[in-house]
Amino acid sequence: SMDAEEGVRLQQKREHNAHAPAVMLPAELLRAIFSFHPAAVRSTTGKYITRRRRPTWISVCQVCRRWREVYISFARMWTSPGKIIRHELLELFIERSQNLPFHLRISIPDAESTEHFTEATLATIHRARTICIHIEDGNFQGRLDALANRAAPFLDVLELESAKYPLDLRDA
């Protein structure tokens with residue numbers, strides 16, 4: 001059948017790739033190479049990188065199983081996601097970054113998403129270096145109190161922007 005043939009081809013490809021020199025590099029060397037990845041560079045500059053194609057981390061994880069395992073276990077690569085609009089993706093980055101300082105850039109698309117993003121922000125605020133929040137729709141003012149009452153000892157940058165509502169930070 002077609003599925004069986006595809007499975008055999010996939011297994012042959014995996015066996016072939018397992019002996020490729022780039023796959024056999026020590027994990028420490030792969031991590032050093034991954035450190036030159038745009039996400040790692042972005043985390044040190046603090047600037048946005050605009051991409052219209054698939055995020056590079058996805059491409060790296062699709063090279064082979066070993067690269068994926070090494071990349072996923074390299075917490076530093078997960079500390080500076082680009083602007084995130086899906087809370088599930090943010091939770092993935094939070095989990096994989098372990099307890100390293102985190103650069104949080106989120107765009108909240110609607111009022112229903114506000115609570116999910118607030119919880120994720122509160123979960124990382126103690127290790128946040130950057131918090132940039134853009135609210136497309138919905139009033140975030142009530143959530144500012146929860147953020148204001150949390151310690152953020154590493155915070156260097158805080159940016160809050162609302163498309164529809166003014167944000168008043170005087171009492172927060």
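Conventions adopted
Residues numbered from 1 in each chain as written. Predicted model: local features only at pLDDT ≥ 70, side-chain atom pairs only at ≥ 80, totals over all residues. Heavy atoms only, no water. Core = buried A, V, L, I, M, F, W, Y, C linked by side-chain atoms within 4.5 Å. Buried < 20%, exposed > 50% of the residue type's maximum accessible area, 1.4 Å probe, protein only. Helix = DSSP H or I, 4+ residues; strand = E, 2+ residues; numbered from the N terminus. Phe/Tyr/Trp six-rings, centres within 6.5 Å; stacked < 30°, edge-to-face > 60°. Lys NZ or Arg CZ within 6 Å of the ring centre and 35° of its normal. Pairing = 2+ DSSP bridges. Right-handed = clockwise from strand over helix to strand, strands pointing away. Salt bridge = Lys/Arg side-chain N within 4 Å of Asp/Glu carboxyl O.

### Looking at the nonpolar core
Within the largest apolar cluster, 32 residues are counted, with the highest numbers of intra-cluster contacts made by F34, Y71, L90, I106 and I133. Of all the secondary-structure elements, those providing two or more residues to this core are α2 (27-34), α4 (56-61), α5 (65-73), α6 (87-96), β1 (102-108), α7 (114-124), β2 (128-135) and α8 (141-148).

### Things to note about the packing of aromatic side chains
For any pair of aromatic rings, geometry is given as the distance between the ring centres together with the angle between the planes. Here the structure, examined in full by the defined rule, presents four aromatic pairs. Arranged with centres 5.0 Å apart and planes meeting at 65°, the rings of W78 and F93 form a pair that is edge-to-face. Of this pair, W78 sits in the loop between α5 and α6 while F93 sits in helix α6, placing them 15 residues apart in sequence. Per residue, the accessibility class of W78 equals that of F93, and both read buried. Among the aromatic residues, those joined into a cluster by ring pairs are F34, W67, Y71, W78 and F93. Positioned over the ring face of W78 is R96, at 4.8 Å from the centre of the ring.

### Observations concerning the pairing of β2
Summarising burial for β2: seven of the eight residues are buried, a large majority. Inspection of the sheet shows β1 paired to β2 by seven bridges, in the parallel sense. Opposite F102, over in β2, you have A128 as the bridge partner. One crossover worth recording links β1 to the parallel β2 by way of α7, and it is right-handed. Sheet topology places β2 next to strand β3 (residues 157-162); six bridges connect them, and they run parallel. Note that in β3 the partner of I133 across the bridge is L160.

### Structural notes on the pattern of salt bridges
The tally for this structure, following the rule as stated, stands at two salt bridges. Note that R9 is salt-bridged to E6, the shortest N-O span being 3.0 Å. Here E6 and R9 lie together in helix α1 (residues 2-18), a separation of three residues that amounts to about one turn. A residue is classified by how much of its surface remains accessible, and R9, at 43% relative accessible area, is partly exposed. The closest approach of N and O atoms between R86 and E88, which form a salt bridge, is 3.8 Å.

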